[in-house]
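Structure at a glance
Each chain is listed here by its residues.
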Amino acid sequence: PPRVWSAEQKLDLDIIESGVAVDDANANAQNRMLIITGKPGAGKTEVVCGAATAAAAKGERVLIACPIGALIDVYRQRLPPNENIVIETVHSSHGIPFGRQKDEQWNPPGRLRTFDLIIYDEVSQIADKVWEKMELAFGELTIGPFVCFVGHFQQLRPVGDQRCLCVD
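To keep things clear, this report deals only with the structure shown in the data block. Predicted model, so just to flag it, every value in this text is computed and none were measured.

**Some details on unusual backbone geometry**
- The phi torsion at E122 lies on the positive side, around 50 degrees, for a residue other than glycine.
- Here E122 lies in the loop between β4 (117–120) and α5 (128–140).
- Taking the relative accessible area as the measure of exposure, E122 reaches 12% and is therefore buried.

**Examining the environment of L136**
- As for its position among the elements, L136 is in helix α5.
- In sequence terms L136 and H94 are 42 residues apart; their C-alpha atoms lie 9.9 Å from each other.

**Some remarks on the pairing of strand β5 (residues 146–150)**
- Judged by how many residues are buried, β5 sits mostly within the fold: five of five residues are covered.
- Burial of β5 is two-sided: the residues F146, C148 and V150 facing one way and the residues V147 and F149 facing the other way are all buried.
- Both strand β1 (residues 33–36) and β5 contribute to a ladder of four bridges, which runs parallel. By the bridge assignment, I35 is partnered in β5 with F149.
- Where β4 lies against β5, four bridges are found, and the strand directions are parallel. Each bridged residue has a counterpart across the sheet, and for I118 the counterpart in β5 is V147.

**Things to note about the sheet that holds β5**
- Spatial ordering of the open sheet is given by β1-β5-β4-β2-β3, a layout of five strands whose pairing is parallel. Among the strands making up the open sheet, the edge pair consists of β1 and β3 (85–89). Strand after strand, the sheet turns through a mean of 15 degrees between neighbouring axes, direction not considered.
- Relative to β3, strand β2 (residues 62–66) runs parallel, the two being bridged by five bridges. Note that in β3 the partner of V62 across the bridge is I85.
- Its contacts with the sheet put α5 on β4 and β5, and the angle it makes with β5 is roughly 160 degrees.

The rules behind each value
Residues numbered from 1 in each chain as written. Predicted model: local features only at pLDDT ≥ 70, side-chain atom pairs only at ≥ 80, totals over all residues. Heavy atoms only, no water. Helix = DSSP H or I, 4+ residues; strand = E, 2+ residues; numbered from the N terminus. Buried < 20%, exposed > 50% of the residue type's maximum accessible area, 1.4 Å probe, protein only. Pairing = 2+ DSSP bridges. Axes fitted to C-alpha atoms, helices over the stretch in contact; angles between N-to-C directions. Contact = heavy atoms within 4.5 Å.

Below is the structure:
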């Protein structure tokens, strides 16, 4: 059935739609990011699903990156299969494998440029060292994708990254 969006959800979806549509190389990168917050039950996940589905229907490539694998399962259950929607962990999408040796060189993932929309869900759970890697990757993107950060910072604590030995 057709979804009835709240005013806030509709605004978020409109911002995402117009942001993804920009393909101007001179666009300000800071205008290509959106932070979506709200208390539990506010409909953040619905916005993610709606934005991903709408973008994919227009032929846009979408990446939904989650800090834990359980969220991947949630999205795979809620979203219809679509070759334009990729759902991965943040570690996988950014090439940050567990067990990385500190002396190994890390290169930001150029494949992020292949997406038109990147949505990071539950950003409050992303560990500091992973954020550092994400910042490096963002620095590599010029016009690149429209990026959404979704989460509620008073709801969930960061996922421990004791197994992730990221390069300092």
